[in-house]
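# Coordinate inspection notes
One-letter residues, chain by chain:
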Amino acid sequence: MTPNSPHSDCDATGTDTNRRRFLKNSLIVTAGCFVTSLPLSGLAQNTSPTGEPLRAFIQVTQTITEHKHVNAELAAHFFNAFVKKVPEFAQQITPLVQLTQVGMSAATFAERAQAAGLEGLLQQIITAWYTGTVGNDYHGILVSYQQAWMYRTVSDGLVVPTYCDNGPLWWTAPVPDANSTAVIDAL
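Residues numbered from 1 in each chain as written. Predicted model: local features only at pLDDT ≥ 70, side-chain atom pairs only at ≥ 80, totals over all residues. Heavy atoms only, no water.

Taken as a whole and assessed by the stated rule, the structure comprises nine aromatic pairs. With a centroid separation of 5.7 Å and 65° between ring planes, the pair formed by Phe-79 and Phe-89 is classed as edge-to-face. Linking Phe-79 in helix α3 (residues 72-85) with Phe-89 in helix α4 (residues 89-92), this pair joins segments that are ten residues apart in sequence. When the centroid spacing of 4.5 Å and the interplanar angle of 10° are considered together, the rings of Phe-82 and Phe-89 count as stacked. Like Phe-82, the residue Phe-89 is buried in the burial classification. Put simply, the rings of Phe-57, Phe-78, Phe-79, Phe-82, Phe-89, Trp-129, Tyr-130 and Trp-149 pair up and form one aromatic cluster. (Phe/Tyr/Trp six-rings, centres within 6.5 Å; stacked < 30°, edge-to-face > 60°. Helix = DSSP H or I, 4+ residues; strand = E, 2+ residues; numbered from the N terminus. Buried < 20%, exposed > 50% of the residue type's maximum accessible area, 1.4 Å probe, protein only.)

Below, the structure is given as C-alpha cells:
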C-alpha cells in the first residue's frame, strides 16, 4: 500500500492514525499514570528507623555538632549504616542521649561523653556526618558524598571534588564526533 492510500496506517506526514494503536498507546499511558501515582513504600524495602532510636541519634548529632537543622532523611541513612556495621548501635546511643541537655554546648557534651567513656562512639558519629562515611576502614559504608558536612564551609565557592567536571551525569550527553575540527582544536 502507498502512504496516500485510504486504508494505510500512516498519513502523508508519517504519523500513525490507526485507531487500535491509539487506544493501545492511551491504555499504556493511563496505566503508567496509575502506577506512578501509587505509593511505592510497599514496593521498597522499609529500612527507615522509626521512633526513639532515630530521634535519639538526631538529638546527639544536634548537640555535638551544634547544627540545629539536621536532615532527617540523611540521618536515617546514617543511622541504618551504623546499625548495619554495629547491630547494637541503637542501644549504644542511649547513654549518649542521657548525657544531653537542652542548650548544652558541644564542648560540655564532649567532656561528659569522655568522662562516661563514650568519646569513641561520639567521634564515630561526628566523623560520619563530616565525611559522609560510616566506618574508617575499607569496609566503610558511603552514605552521602555531596551532602557531607566537610564541604559546607566552602560550598559557596567550590564544587565538591569529583572526576565529573561538568556536574552529575554529564557523561550522558552524546559523544562528540571524533572527526570534528572543534574537538580537535580543543585538544
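Read on for the rest.
Okay, α3 next. In this model, α3 (14 residues) spans 20 Å end to end at C-alpha, consistent with the 20 Å of a helix rising 1.5 Å per residue. When α3 is considered as a whole, its buried residues turn out to be Leu-74, Ala-75, Ala-76, Phe-78, Phe-79, Ala-81 and Phe-82. Taken together, the buried residues of α3 touch α2 (52-65), α4, α7 (119-131), β1 (133-134) and β2 (141-142). Near the N-terminus of α3, the side chain that reaches the backbone nitrogen of Glu-73, with its oxygen 3.0 Å away, is that of Asn-71. (Expected span 1.5 Å × (residues − 1). Contact = heavy atoms within 4.5 Å. Polar contact = N/O pair within 3.5 Å; in protein donor to acceptor, adjacent residues only side chain to side chain.)

Our focus in this paragraph is the confidence of the model for the protein. Per-residue pLDDT for the protein has a mean of 75; in total, 67% of the residues score no lower than 70. Of all the helices and strands in the protein, helix α8 (residues 181-186) carries the lowest mean pLDDT, 69, while α3 carries the highest, 92. This model gives residues 40-49 a pLDDT under 50, and the stretch forms six contacts once residues within four places in sequence are excluded. (pLDDT = per-residue confidence, 0-100.)

With that out of the way, let us pick up the environment of His-139. Structurally, the position occupied by His-139 is in the loop between β1 and β2. Put simply, His-139 and Lys-85 are 54 residues apart on the chain and 9.0 Å apart in space, counted from C-alpha to C-alpha.

Turning our eyes to something else, we now look at the nonpolar core. The biggest cluster of nonpolar side chains holds 31 residues, and the ones touching the most others in it are Phe-57, Leu-96, Ile-125 and Trp-129. Looking at this core, the elements that each hand over two or more residues are α2, α3, α5 (94-99), α6 (106-115) and α7. Ranked by residues supplied to this core, first place goes to α3 with seven residues. When near neighbours in sequence (up to four residues on either side) are disregarded, Phe-57 contacts Ala-75, Phe-78, Phe-79, Phe-82, Phe-89, Ile-93, Ile-125 and Trp-129. (Core = buried A, V, L, I, M, F, W, Y, C linked by side-chain atoms within 4.5 Å.)

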